[in-house]
Each structure stands twice: as C-alpha cells, then as structure tokens.
Amino acid sequence: MSLSSICCGNFHLLRNLIGNTCNIRLLKYHSRSIFETLLSIRRHQSRPLSTTVLARSTRKGSKQSFSNSRHLHVESVESSIEVFKQPELEQLKSLHTYKEKFSGVKTEWPATILVFDIETTGFSRREDRIIEFAVRDLMGGKNSTFQTLINPEKDVRNTYIHGISNSMLCRPDVPRFGDLIPILLQYVWSRQMDGKPVLWVAHNGRSFDVPFLFFEFRRCKVEMPGDWLFVDTLPIARQLVDSEGSKLSSVSLEKLRERYKIPLTGSAHRAMQDVTTLCYVLQKLTFELKLTVPQLLEKSFRATDLPATRSDK
DNA sequence: GGCCCTCTTTAGGGCCTT
C-alpha cells in the first residue's frame, strides 16, 4: 500500500497497517511501552475514520514502508482534496530561501518545518481535549497538509468559537486521539528528512498547543519523539515594532493577519485555516525580523522542557 | 498557565491560546 492511497483519506487503512509495518521504526524512536500501546490501539474495534491528508509525498528519503501490508480492512471513508495554489506555495518556500536571496548561497534544509494548530474543548489542558488537528509542511508539494477532527469523548461546549459540534465529532468515522497517534507519527516520519529534526511551529504554542499535545500523548501512554522540536511565534511577534518604534499592543494571530494584509479565505478558529494564516505570518515575520531557519531552531524547545509538562499542572 | 510590562520585583493586570 502506498502512502498516496493513504493520503486520499483511507486513514483507517493506515491505522490498521501500523502494527504490521512500523514495529522496527517505532522501537527505534520510542520505548517498549509505546510499542505496546500501539499494538493495543490496533486491537481496538476497527472503525472507519474520517481524516484528510492532501496530495502525495515524493520527498527523497521519505520514511514510508507500506508495501508489505496485510489484513486490509476496506471500509468507507470521507475525504477531501485541497490543492495549495502554486503562487502561495512559492511564497511559503521563500521562508527557506531567505538567506539564499541575499547571499546567493544555496542552503540545506536544517529541519522539516511543520506549522500546526489545534482546536480544543477549552483552555484547560487538564480538563479539556483536542477536537481538531491540522498541520502543513512548509516544504509544500504533495502530502504537505494533514487535518482531522478528533472525538474528545466528552461534551463540546464552545461550539460558538470554532463551529465544531458534538454531532460532528461523535461519529464512528472520527478518530479518538489514541487512534490518531500512530497515524500522525507515520505522517510526520513520511515528511521528515533523514537525520534532521522536525520543527513544529504554533502561535502561543509554548503555553497552549504544545502542552495540550503533550498531555494528549501522555494520556495515551505514548512518548513524543525526542527529535520533535517546537517554536512559538508569539514571543517572536512581540519583537515587532510599529512605525514609531513602539511594540505592538496586540500580537494575536488575527492582528498579525491584519498587519500583513493576509486574506481570510475560510473560517477563523478552524485548525487548517489558522495554519494557513500562520504559514503566511511566519513568512512575513521572519522576513521582517530577518530571522533564518537556523535562528528559529535556536529558539526551539522540546515539550519536556516546559515547566507545564514537568509539573503536570 | 505562561509570559510580558510597569504605576514592579514582598504585585498585579493584560495578552494569548479554545
């Protein structure tokens, strides 16, 4: 089974294949408990999942190994295809080529940069759950995006924020976070370059997205890969100044979108829309502050570095 | 909850994320 078929929405197929095809890799990156967790996930009742990955991967060195698949469970799924327009893709790529523009020197990619966003049932990482996850690989191209709704197994009471309702989540084809983990790991590995880390980018990620993600992994008794690094665009945006040299009064994603005149093409507070906005903001932000990708890496942190994840608050 | 700012640091208010 190729990654391309998975990326057309057959997430349940991938979930069922994880246990058959990825054991060595999982053991390489994780502890034995993770392996056992993934096997236990696979033993769960087979359910069709509705998730979306956009386009196909052609990345050299992509870690995909689905050819020896067995025991396929063909079930109905929902999927949608979104194509990122070429001019926008080229604009996003300029983040990586910033140094090249001014130095004329071809630089190597120091990391896979994944811009991500989550929607949740609220602000409490202890009480609330992730209900939507979206990510875009800044490299663009095929397989560059991944998004899914997630069944939080609890009531959603902030539908007025994101428009995601209980009826959208409490369906057999919407995965729980535990179902999603092996799928997400496999997706990230398919994008990761050999020997290089993954740099996750989120706005206010240090205080919100990263701890949320960390605790969802912990609830499922799965460790985050050690080569996942995170960078928060919020403190970076706080370095911006206005025309009079004063710091900005607000550096919310919405205010940054307005500052850079980025059009809103969908619903704000939906994960993929905010990811798309943040991709543009990141490009503008790094250009304005003359930040290179290696400098972004210097600002990165691991989830386990955060006080919140150490104290379990 | 974490971070930043200031009328501060032995504190408090506001921003940012859903």
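Residues numbered from 1 in each chain as written. Chains lettered and ligands numbered in written order. Predicted model: local features only at pLDDT ≥ 70, side-chain atom pairs only at ≥ 80, totals over all residues. Heavy atoms only, no water.

S.K.: Now, about the protein's contact with DNA strand B: what can you tell me, with residues and values included?
M.R.: Taken together, the neighbourhood of DNA strand B is formed by 26 residues, with Glu 119, Lys 247, Ser 250, Val 251 and Leu 253 sitting nearest. Those atoms of DNA strand B that come within 4 Å of the protein belong to sugar or phosphate at a rate of 66%. For DNA strand B, a phosphate oxygen lies 2.7 Å from a polar atom in the side chain of Lys 247. Residue Leu 253 places a main-chain N or O atom 2.7 Å away from a phosphate oxygen belonging to DNA strand B. (Near = heavy atom within 4 Å. Polar contact = N/O pair within 3.5 Å; in protein donor to acceptor, adjacent residues only side chain to side chain.)

S.K.: Could you give me a rundown of helix α12 (residues 271–288), with the residues and numbers involved?
M.R.: Between the first and last C-alpha of α12 there are 25 Å, a value that for 18 residues agrees with the 26 Å anticipated at 1.5 Å per step. The buried fraction of α12 is high, at 15 of 18 residues. Looking one or two residues beyond α12, the residue adopting positive phi is Lys 290, at roughly 55 degrees. (Helix = DSSP H or I, 4+ residues; strand = E, 2+ residues; numbered from the N terminus. Expected span 1.5 Å × (residues − 1). Buried < 20%, exposed > 50% of the residue type's maximum accessible area, 1.4 Å probe, protein only.)

S.K.: If you had to explain the nonpolar core to someone new, which residues and values would you point to?
M.R.: Grouped together as the largest cluster of nonpolar side chains are 35 residues, with contacts concentrated most on Phe 116, Phe 133, Trp 200, Phe 217, Trp 228 and Phe 230. Within the residue set of this core, elements represented by two or more residues are β2 (112–120), β3 (130–137), α8 (177–191), β5 (198–202), α9 (205–219) and β6 (228–232). Residue contributions to this core peak at nine residues, all from α8. With residues near it in sequence (within four places) discarded, Trp 200 still touches Leu 114, Phe 116, Phe 133, Val 135, Leu 184, Val 188, Trp 228, Leu 229, Phe 230 and Val 231. (Core = buried A, V, L, I, M, F, W, Y, C linked by side-chain atoms within 4.5 Å. Contact = heavy atoms within 4.5 Å.)

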